[in-house]
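# Results of the structural survey
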Amino acid sequence: MHRVGSAGNTSNSTRPRKEKRLTYVLSDADDRKHCAGINCLAVLKASESGSDYLFTGSRDGTLKRWAVAEDAATCSATFESHVDWVNDAVLAGDNTLVSCSSDTTLKTWDCLSDGTCTRTLRQHSDYVTCLAAADKNSNIVASGGLGGEVFIWDLEAALTPVSKSGDSMEDDSSNGTNGSGNAQPTTSLRTISSSNSISMHTTPAHGYVPISAKGHKESVYALAMNVSGSLLVSGGTEKVVRVWDPRSGSKTMKLRGHTDNIRALLLDSTGRFCLSGSSDSMIRLWDLGQQRCVHSYAVHTDSVWALASTPTFSHVYSGGRDLSLYLTDLATRESLLLCTGEHPILQLALDDDSIWVATTDSSVNRWPAEGRNPQKIIQRGGAFLAGNLSFSRARVSLEGSTLVPVYKEPVFTIPGTPGIVQHEILNNRRHVLTKDTASSVKLWEITRGVVIEDFRKVSFEEKMEELFETVSIPAWFTVDTRLGSLSVHMDTPQCFSAEMYSADLNIVGKPEDDKVNLARETLKGLLNHWLGKRKQRSGTQASTNGDVSSGKEITPRSITQSRLEMDSNTENDSMVYPPFEFSTTSPPSIITEGSQGGPWRKKITDLDGTEDEKDFPWWCLDCVLNNRLPPRENTKCSFYLHPCEGSTVQILTQGKLSAPRILRIHKVVNYVVEKMVLDKPLDSANPDATFAPGLAGGPLSAIGDGSFRAETDLQFLLLKLSGVRKKHGHDPRPNSSLPLTQLIKNQSSVIVASVMTSVIGFGGPHFFGLSSECKPRFRVQGRSLSNQDASVLSSDSVVVNGASVVGEREGSRPLVDQGNGSLRHKVKEKQKIEDGVLESLEPLWDDGYGTVTVKDYFDANEQMIKPDGGPPRWFSPLAFNPPLKDSPVLLFLPGLDGTGWGLILHHKALQKVFEVRCLHIPVTDRTPFEGLVKLVEETIRLEHASSPNKPIYLVGDSFGGCLSLAVAARNPTIDLILVLVNPATSIERSQLQPLFPILEAMPEELHITVPYLLSFVMGDPTKMAMVNIKSRLPPGLKLAQMSQNLTALLPCLSSLADIIPRETLLWKLKLLKSAAGYANSRLHAVKAEVLVLASDKDNMVPSRDEAGRLRSSLQNCTVRHFPDNGHTLLLEDGVNLLTVIKGTLKYRRLRKRDSFSDFLPPSMTEFNNAFDETVGLLRFASGAVLFSTLEDGTVVRGLAGVPNEGPVLIVGYHNLMGLELYSMVEEFLREKKIMVRGLAHPEVLLGKSSDDFDLLKVFGAVPVTARNLFKSLSSKSHVLLYPGGAREAFHYKGEEYKLFWPDQPEFVRMAARFGATIVPFAAVGADDLLELVLDYNDIKNIPVVGDYFINANNDAMKLREDTSGEVANQDLFFPGVLPKLPGRYYYLFGKPIETKGREEILKDKDSANKLYLEIQSEIEKSLAYLIKKREEDPHRNIIDRTVYRALYSPLKEVPTFEP
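Residues numbered from 1 in each chain as written. Predicted model: local features only at pLDDT ≥ 70, side-chain atom pairs only at ≥ 80, totals over all residues. Heavy atoms only, no water.

### Comments concerning the overall build of the chain
The test is simple: For helices the rule is a DSSP run of H or I covering at least 4 residues; for strands it is a run of E covering at least 2, with both sets numbered from the N terminus onward. Throughout this description, buried means an accessible area under 20% of the type-specific maximum (1.4 Å probe, protein chains only), exposed means over 50%, and partly exposed covers the range between. Residues count as neighbours in contact if any of their non-hydrogen atoms are within 4.5 Å of one another. In short, Shrake-Rupley with a 1.4 Å probe defines the accessible areas, and a residue's cover is counted only from the protein chains shown.
Looking only at helices and strands, the chain features 33 helices and 75 strands. In the chain, buried positions account for 57% of the 1459 residues. Pairs at least 24 residues apart make up 68% of the contacts formed inside the chain by residues separated by at least 6 positions. Entry remark: accessible area of the chain is about 60,100 Å², with carbon and sulfur atoms responsible for 51%.

### Considering a positive patch on the surface
To keep it simple, the criterion reads: Two distance rules govern patches: like charges are joined within 9 Å, and nonpolar side chains (Val, Leu, Ile, Met, Phe, Trp, Tyr) within 5 Å, applied only to residues with over 30% relative accessible area and no salt bridge. In what follows, salt bridge is the name for a side-chain nitrogen of Lys or Arg lying within 4 Å of a carboxyl oxygen of Asp or Glu. Residues scored as charged are limited to Lys and Arg (positive) and Asp and Glu (negative), so that His and the chain ends carry no count. Each charge is placed at NZ for Lys, CZ for Arg, CG for Asp and CD for Glu.
A surface patch of positive charge is lined by Lys-217, Lys-251, Lys-254 and Arg-256. Structurally, Arg-256 can be placed in strand β17 (residues 250–256).

### Here's the deal with the sheet that holds strand β2 (residues 38–44)
Sheet strands pair by backbone hydrogen bonding; their relative direction is either parallel or antiparallel. Selection criterion: DSSP bridges decide pairing: two strands pair if at least two such bridges lie between them. Interaxial angles span 0 to 180 degrees and are taken between N-to-C directions of axes, which are lines fitted to C-alpha atoms, for helices over the stretch in contact.
Strands sit in the order β2-β3-β4-β5 across an open sheet of four strands; the sheet is antiparallel. Edge strands, defined here as strands with exactly one partner in the open sheet, are β2 and β5 (73–80). Averaged over all pairs of adjacent strands, the angle between strand axes in this sheet comes to 20°, irrespective of strand direction. Note that strand β4 (residues 62–68) and β5 share seven bridges and pair antiparallel. Across the sheet, Ala-67 pairs through a bridge with Thr-74, a residue of β5.

### Quick notes on the sheet that holds strand β41 (residues 600–603)
Strand order across the open sheet formed by five strands is β35-β36-β1-β40-β41, with antiparallel pairing between neighbours. At either margin of the open sheet sits one strand with a lone partner, and together these are β35 (478–480) and β41. Averaged over neighbouring strand pairs, the angle between their axes works out to 25° when direction is ignored. Here strand β1 (residues 22–25) pairs with strand β40 (residues 589–592) via three bridges, running antiparallel. Of the residues in β40, the one forming a bridge with Tyr-24 is Ile-590.

### As for helix α18 (residues 1062–1080)
Note the threshold: By this rule the span expected of a helix is its residue count minus one, scaled by 1.5 Å.
With 19 residues, α18 should reach 27 Å at 1.5 Å per residue; the first-to-last C-alpha distance of 27 Å fits that figure. Taken residue by residue, α18 has Arg-1062, Thr-1064, Leu-1065, Leu-1066, Lys-1068, Leu-1069, Leu-1071, Leu-1072, Ala-1075, Ala-1076, Tyr-1078 and Ala-1079 as its buried positions.

### What to know about the pairing of strand β27 (residues 354–359)
Each regular strand shows side chains that alternate between the opposite faces of the sheet. Of all six residues that make up β27, six are buried, and the element is covered over most of its length. Here β27 shows no split at all, with Ser-354, Trp-356 and Ala-358 on one side and Ile-355, Val-357 and Thr-359 on the other all buried. Across six bridges, the pairing between strand β26 (residues 345–351) and β27 is antiparallel. Bridging from a neighbouring strand, Leu-350 pairs with Ile-355 of β27. Between β26 and β27, which pair antiparallel and follow one another directly, the connecting turn spans two residues, one of which, Asp-352, has a positive phi of 55°.

### Quick notes on the packing of helix α5 (residues 518–526) against helix α7 (residues 618–626)
Between two packed helices, both the angle of their axes relative to each other and the distance between the axes serve to describe the pair. Our working definition: Note on angle classes: values under 35 degrees are labelled roughly parallel, values over 145 roughly antiparallel, values of 65 to 115 roughly perpendicular, and the remainder oblique. Lys, Arg, Asp and Glu make up the charged group, whereas Ala, Val, Leu, Ile, Met, Phe, Trp, Tyr, Cys and Pro make up the nonpolar group; the residues left over, Gly among them, are polar.
At a closest axis distance of 9 Å, the pairing of α5 and α7 adopts a crossing angle of 90°. Comparing the axis directions of α5 and α7 gives the class roughly perpendicular. In contact with Arg-520, Leu-523 and Lys-524 of α5, α7 contributes Trp-619, Cys-620, Cys-623 and Val-624. Looking at the contact of α5 with α7 residue by residue, the class counts come to five nonpolar, no polar and two charged.

### Some details on the nonpolar core
The following threshold applies: What makes a nonpolar core is a set of buried Ala, Val, Leu, Ile, Met, Phe, Trp, Tyr and Cys residues whose side-chain atoms join them at distances within 4.5 Å.
The biggest cluster of nonpolar side chains holds 49 residues, and the ones touching the most others in it are Phe-914, Leu-1093 and Leu-1137. Apart from the residues lying within four places of it in its own chain, the contact partners of Phe-914 are Pro-883, Ser-887, Pro-888, Leu-890, Tyr-953, Leu-1138, Ile-1141 and Tyr-1147.

### A few points about the packing of aromatic side chains
Rule in force here: Aromatic contacts are taken between Phe, Tyr and Trp rings whose centres are within 6.5 Å, Trp giving its six-membered ring; a plane angle under 30 degrees counts as stacked, one over 60 as edge-to-face, and the others as tilted.
Enumeration according to the criterion identifies 30 aromatic pairs in this entry. On the basis of an interplanar angle of 90° and a centroid distance of 5.9 Å, the ring pair of Phe-496 and Trp-619 is categorised as edge-to-face. Remark: Trp-619 occurs in helix α7 and Phe-496 occurs in the loop between β36 (487–490) and β37 (499–501); sequence separation between them is 123 residues. According to the relative accessible area criterion, Phe-496 is buried, its value standing at 2%. Since its relative accessible area comes to 2%, Trp-619 is described here as buried.

### Some remarks on the confidence of the model for the chain
Stated formally: The pLDDT value tells you how sure the predictor is about a given residue, anywhere from 0 up to 100.
Within the chain, residue pLDDT values average 77, and 73% of them lie at 70 or more. Confidence, expressed as mean pLDDT per element, reaches its minimum in the chain at strand β49 (residues 736–737) with 29 and its maximum at strand β62 (residues 976–981) with 97. Between residues 1–17, whose pLDDT stays under 50, and residues either more than four places distant or in other chains, the model counts 54 contacts. Here residues 162–205 is a poorly scored stretch, pLDDT under 50, and it has 145 contacts once near neighbours within four places are set aside; other chains count.

### Concerning the environment of Lys-885
Locating Lys-885 in the fold gives a position in the loop between β58 (873–875) and β59 (889–893). Taking the C-alpha atoms as reference points, Lys-885 and Phe-914, separated by 29 residues in sequence, lie 9.5 Å from one another.

### Here we look at the environment of Gly-419
One can find Gly-419 in the loop between β30 (412–414) and β31 (420–425). Residues Gly-419 and Gly-37 lie 382 residues apart in sequence; the distance between their C-alpha atoms is 8.4 Å. In this view, Gly-419 contacts Cys-35, Lys-435, Asp-436, Thr-437 and Gly-484; residues no more than four positions away in its chain are not counted.

### Observations regarding the packing of helix α12 (residues 959–970) against α18
Let me state the cut-off plainly: Put simply, a crossing is left-handed when the front helix is turned counterclockwise from the back one by less than a right angle, and right-handed when it is turned clockwise.
As a packed pair, α12 and α18 sit with axes 9 Å apart at the nearest point and diverge in direction by 35°. Handedness of the crossing formed by α12 with α18: left-handed. For the pair α12 and α18, the contacting residues are Phe-959, Cys-962, Leu-965, Ala-966 and Arg-970 in the first and Leu-1071, Leu-1072, Ala-1075, Ala-1076, Tyr-1078 and Ala-1079 in the second. Its residues placed into classes, the contact of α12 with α18 shows ten nonpolar, no polar and one charged.

### Considering the pattern of salt bridges
For the structure on display, the rule yields 52 salt bridges. Between Asp-612 and Lys-614 there is a salt bridge, with the nearest N and O atoms lying 3.1 Å from each other. Like Lys-614, Asp-612 is buried. Salt bridges here are not isolated pairs; linked through shared partners, they connect Lys-45, Asp-52, Asp-351, Asp-352, Asp-353, Arg-366 and Arg-372.

### A closer look at unusual backbone geometry
Cis peptide bonds are those with omega within 30 degrees of zero, and the linkage from Thr-492 to Pro-493 qualifies with 0°. If you trace the backbone, Pro-493 turns up in the loop between β36 and β37. Cis geometry is adopted by the peptide bond preceding Pro-1207, which originates at Gly-1206 and carries an omega value of 5°. When you line up the elements, Pro-1207 lands in the loop between β66 (1195–1197) and β67 (1208–1212). Positive phi, normally seen in glycine, also occurs at Thr-104, with a value near 75°. By the secondary structure assignment, Thr-104 is in the loop between β7 (96–101) and β8 (105–110).

### Looking at a nonpolar patch on the surface
Together, Val-1333, Leu-1334, Ile-1342, Val-1344, Val-1345 and Leu-1378 make up a nonpolar patch on the protein surface, roughly 450 Å² of accessible area in all. Within the secondary structure layout, Val-1344 lies in the loop between α29 (1336–1340) and α30 (1345–1355).

### Concerning the side chain of Glu-943
As for its placement among the helices and strands, Glu-943 is situated in helix α11 (residues 929–946). Residue Glu-943 is classed as buried on the basis of its relative accessible area of 15%. Sequence-distant contacts of Glu-943, that is, excluding residues within four places in its chain, are made with Val-889, Arg-917 and Ile-952.

### Considering helix α32 (residues 1405–1429)
The cut-off we apply is this: For this analysis, a polar contact is any N or O atom pair within 3.5 Å, provided that within protein one partner can donate a hydrogen and the other can accept it, and provided that sequence-adjacent residues contribute only side-chain to side-chain pairs.
Counted at 1.5 Å a residue, the expected span for α32 with its 25 residues is 36 Å, and the 36 Å between its end C-alpha atoms agrees. Lining the buried residues of α32 we find β67, α28 (1308–1313), β71 (1317–1324), β74 (1386–1389), β75 (1393–1394) and α31 (1399–1402). A distance of 3.2 Å separates the backbone nitrogen of Asp-1406 from a side-chain oxygen at the start of α32, and that oxygen is part of Asp-1404.

Below you can see the structure in the form of structure tokens.
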């Protein structure tokens, strides 16, 4: 069960709401179909005269009953009362259906009724995930949930009617409510929609208390009970099967064996045997009598989520995350793949000779199963023997042994409707754009609950931009799509903040200047049916104050006039206007709660008029019945109207004017026209005028459609009254600029607006911020009283309701809603645009490295070396999809071979982020060096002319390195980045110089031996053969595969004689000398960035020494050495060119590198190399185990408690030498595919020693600066920050796990600015790996060594020079350490701390400091907790872990202490 934050709760706050929420769920689909995944199934076999029924429970919050025929199923009833996902359902008792939900309740239903809920049972404190029922003792039902609770219910006792006292009876048959006072979430998963906190183990009103089976410390995912109800088994995240006596709730045994969460359980009829399915992909058969696992079945390649057995318990059907349904003979271990689908399997239900399969899709499939005699299917053939180790099936799959399913198509399918998976609230606050699982894009009008346009399969982002309107209306609702449909949430008083003119809503018969409150009219539309029923029941019409003749008065909470303000229209207008009429064919459902009972859900057409303040929030009733709204701030502001500076127009009035914040432009224009153009006399008796609704009227000439036109340019100045003071007798005229967003907030602000009316007719509903179809042309200047130059904003600059909407004239981006009333420029998310061009890469993308070998190099050259008489030319090596948007050009300049295929091992990766072109020099070509220089030069000049802001990469291999330097020297003004791979500029110092004269004198018949000799001199054949060998393979397999590769590679070497014939070789040796001389004489002119890749074992040229010479000779040169490689570096194992470019920070798409827009996330190859090879030993030794904290405070293993959506700021303690970094970054990528961007000391990334930290750069580390923190959070990244920095990482002896944080809350307010979630974390384990022997105090006293570190720190980049105390001591050194027998690393991520919605609070220094200290305290507590708890870990020692791993599981599955 995944915890996913609700989009409706924009602040993600877990604090109680002040008032209860009202939610309505929209649907334009067939109500007889589910619109979200199916979580549960139950089959009711027919009586002699009836039909079979299938019950389905869905993530849309409903259950449905299907009448099943031979080849079809018809929905005969919908059971609607749950307010969140339905997670499980079982049949029990006499026609009783029991369901459980993420709303923390169980509900009982008359399964043969039309959807009547007979009781709601409340006892769980968290999501209820699973149920189990006893067949013969049908009154017994067990329930389990995420709270770790297991309850055994006696339905007969729980459902026994009691005398009704007041309204406390838990009977849902009338209105879907209940009497438990346990306030629970309505739609948000852990958000409490009531002022009451969650009540643990609330006793139902009539006194029944279920039996509690206590023992689980973590979430329960699966339950099973035998037919007599005498045995109960449970499983969950603790990875053990617990066995209970349900009659007493006592625990009888605990079975260990699984290495991951237990997701499915079955018991045979006798209660002796138990089957369990787990996320470790294993199915285990347990003998409860022997208390051990008797068989393990490795059938699946991923998590097992569903099990169903034959009545005799001889065969089991299983399904799960791998999308496949298997049949397994428990005795013979024969397994058969029955079918595969497109969605993970969640539940199975055997129905005679067929099986129902529920998945994350909204449809249900019925497949053949031969349930009465499954052996018939196995006898057809195609079965395999299930292994007994978890990796056996995965290995078979990886080796390419593909299983063929027995069945291709289901018997039939009960179709569902596509669920909504993406949505965006448009700026007009009435329309929501959605995208469903079928990729269909629709536009909803939420005030009517209908789809107004179906765009079908179009780009969601492009359609959103197309529908963008320049209008600002306050956020009066929020939306989420958790239930597969639109859930619209309304909270008071925010929902009453939005108003529109009736003219803009096209309400006929209502004055155009009347303002309509969107929330009030929406509530009236929703409850119109309820009002009608209420009037019918009362027998009279409701009076204007909401009283009814029956005497039942709606006065919730004794509302007084002082608490509520009457709306300006005191008449109780009960009419529902067309823009707010909801459909009765697909009516929405209401989810809410009143003063008594918990949340309930009903369709608006099912409301019968009996619901009152016990069922509805008081503010809803007061709005609908009494026409009263919560108090609102004064929406009018006062201002002066003066001529613009320099104008000769007379002052129109000395008095102040007032206007609402929604001020229509034609009001102001007509006012100015009346007073100035038409010379209408002013009312001197009333200097204080008001822009009243009828003010625009007057003796103005109309044109065409009745709009007004003025032939002069009118300029008017609005001067806000408040805060303006005259000084020294001068008129307070504005004379400097001010951001427009401060117009309303800043009391001394003014607007100078130039309204160009010479060609514009003003009429109709024009006002500030209307849609783009009717925008008037105007400019707005914002000015304040400071002495700065005025800044002119664009013609889209407008102010409405106190908000500023500033459109950009160039590079305009649409504005989107943030859900809190503010607007932001929409930044396009990672996506594919229509022409197939990627805008960014996902973490762990496939770079294709290892899929091409050196043999492919020779194969590719077979065609290229054929003589064609042509000149040198460029070619693009592969026809892949286009690279990333705005990718730079990379030109590859080859070595002596001249074929251009020297990059073949790297093509797939490079073509993701570059436009790759390779230079091919035909074998017979004799173009001189200067001619080749001109060819490349012409190419880069053309590229530069077409994209002057992009860099151009030249990758030169050997001879190509000389060519690259020559071109760069001749073109210093072009932005070039040179990558020189063992450049041949040192050919004069080559070890082979004595052999060159011999080559010239060698006879032709002996030349065939030269390529063989050169191949061993230039490169390492062993390295070439290792290219496609996985690092994780056992040594024996590695050796065998390398031998096989060498055997295939050696015969190819003979083709070198064709690639470099004798005459060509002699020519190229002369060309090489010419190229080296030309390049070396011009090194001083090279201005380009240069990256030199040097092989230390290069037997062709002295590359190691040459790299040092080039570093000192070139102005901007970076060097990377490869100790174990030869001259043909790009064709050897262990070298990934793109990784080197990224690690040296050389990849950029514009003139200046941006650490965020130019960052390329690590590929899968980089991930494997980093954590298997580079830090593989540390990874093995540390045996890291990570814990995180869920929103309810539960500590679980893994990273489930860390939010998936950024921005997230991860703050913690820096261990010795930063050893905790690697395992943490690895697990975030492995488990969540999230790239954590670390903020590191600048000396590490940019200093003299940065060569050793390329791995950190590849994995996204950036220098720790305020700017980089700002950009990280603004890009919604997961950011890792160590406030203690180097002082903690290089602490002194005796300072383990001591925090050294600055006094100022450096990061809190920055996080709040972006609404980031702060996750405090602690890590311990460095002291279990290393013994700190020499700290900085010791090292400084060592002769020579101490002076070296002191001088190095004096020259290093400094941080926090303006601070004092220990945190300012940021000296860097390499501590003296001794290894220990490795212990284990432990991580604990604390409960996420939300800052969204707290921006204003955290601007206060004291509030920010308080939160800062809370975070610091949380980390210190977590450190102490881990230090204490690790003593309980039975596998803390590496020896214990190694033994356990060898016997049972891989490293990551080694158990640890119970949190």
